[in-house]
Amino acid sequence: MQSLGGRLPGLQLGGRMRQPVRLFGTPLSNYYNKVKIALIELERPFTEVLHLPGEQWPDKGSPSGKIPFLETADGFIYESQAIVEYLEDTTPNHSCHPASAMEKARCRELIQTIELYIELPARRLYPAAFWGRPFQQNLADDVLQEISHGLRILGRRALFSPWIGGNNFTHADAASWTHLTTVSNALRALKQPDVLSEGIPNLRDYLKHALTRPSIERADNDLRQAWHNRNQKTTS
Ligand SMILES: N[C@@H](CCC(=O)N[C@@H](CS)C(=O)NCC(=O)O)C(=O)O
């Protein structure tokens, strides 16, 4: 059998690209926004379906109960990075991956570093920061130490010139904008030291620059609107 190099033939790809997909989750979720930015950047037609996390398997498309998940003509996909890679593999004319294998690896390193060593530890503060749960300073102290460690790793690879991996916008920028903004908002809400700016001095300028990208501007506007709606609901 002839190898297709791991990619689908152009005709099939073109067909998939035109089929709208449905993104389940909420703009309040940083992982949801990472995928939404990829959909916009890759110019894929999509609709958003408001869906909150919870154990709804097998009725809903996420075995983990987490959001986001994506409904495609090929079935449901969960885990944001798997979704992003699927979108890349099924979009023939656009890509937010660098061309070379090495640069692509660098981009994936950055995403993993941010998600595993910064966002995941910081997530333990979100219940207190965003959902009104009790705050524990000893938990925050542990988290701040872990985040600082993650930032040291990130600082060894991140270029910010002007994008996190170099000259061009990639999926690593979608991930860094959405996750680092969320972590920063959580620390500010809990009046904790701004370890992000301490660890990466040009981070503020980078996050501001990211907002000049229309996909990120849209995700940011939708996030603000979703917080506004939620706050109105909880105060009324
Ligand atoms: N590794 C997952 C993380 C997704 C995730 O943590 N989503 C959060 C919302 S931002 C969620 O669904 N949390 C609910 C839970 O942990 O049960 C991905 O990349 O999609």
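Above: the structure in question.
Everything in this summary refers to the structure shown in the same document.

### Quick notes on the overall build of the chain
Tallying secondary structure elements over the chain gives 10 helices and four strands in all. Secondary structure elements of the chain occur, N-terminal to C-terminal, as α-β-α-β-β-β-α-α-α-α-α-α-α-α. For 236 residues, the compact-globule estimate of 2.2 N^0.38 gives 18 Å, and the chain sits close to it at 18 Å. Projected onto its principal axes, the C-alpha positions of the chain cover 60 × 45 × 30 Å. Here the chain, with 236 residues, has 47% of them falling under the buried criterion. In the chain, of all internal contacts separated by at least 6 residues, the share reaching a separation of at least 24 is 70%. Working note: accessible area of the chain is about 12,600 Å², and carbon and sulfur atoms make up 52% of it. Taking the 27 positively charged and 25 negatively charged side chains of the chain as two groups, their mean positions are separated by 2 Å.

### Let's talk about helix 10 (residues 214-235)
Taking 1.5 Å per residue, 22 residues should reach 32 Å; helix 10 reaches 32 Å between its end C-alpha atoms and fits that length. Along helix 10, the residues classified as buried are Ser215, Ile216, Ala219, Asp220, Leu223 and Ala226. Buried residues in helix 10, looked at end-on, bunch into an arc of 130°, giving them a common side. Across from the buried face of helix 10, at angles greater than 90 degrees, the exposed residues are Pro214, Arg224 and Thr235.

### Some thoughts on the pattern of salt bridges
For the structure on display, the rule yields 14 salt bridges. The partner of Glu41 in a salt bridge is Arg213, and the shortest N-O contact between them spans 2.9 Å. Highlighted residues: Glu41 in helix 2 (residues 30-41) and Arg213 in the loop between helix 9 (203-210) and helix 10, separated in sequence by 172 residues. A relative accessible area of 16% places Glu41 in the buried class. For Glu109, the salt bridge identified is with Arg157, shortest N-O distance 2.7 Å. Taken together, the residues span a long stretch of sequence, with Glu109 in helix 4 (residues 101-122) and Arg157 in helix 6 (residues 137-157) at a distance of 48 residues. You can call Arg157 partly exposed: its relative accessible area is 38%.

What counts as what
- Residues numbered from 1 in each chain as written.
- Predicted model: local features only at pLDDT ≥ 70, side-chain atom pairs only at ≥ 80, totals over all residues.
- Heavy atoms only, no water.
- Helix = DSSP H or I, 4+ residues; strand = E, 2+ residues; numbered from the N terminus.
- Rg over C-alpha atoms; globule rule 2.2 N^0.38 Å.
- Buried < 20%, exposed > 50% of the residue type's maximum accessible area, 1.4 Å probe, protein only.
- Contact = heavy atoms within 4.5 Å.
- Areas by Shrake-Rupley, 256 points an atom, 1.4 Å probe, with all protein chains shown as cover.
- Lys, Arg positive; Asp, Glu negative; His and termini not counted.
- Charge placed at Lys NZ, Arg CZ, Asp CG, Glu CD.
- Expected span 1.5 Å × (residues − 1).
- Arc of directions from axis to C-beta.
- Salt bridge = Lys/Arg side-chain N within 4 Å of Asp/Glu carboxyl O.

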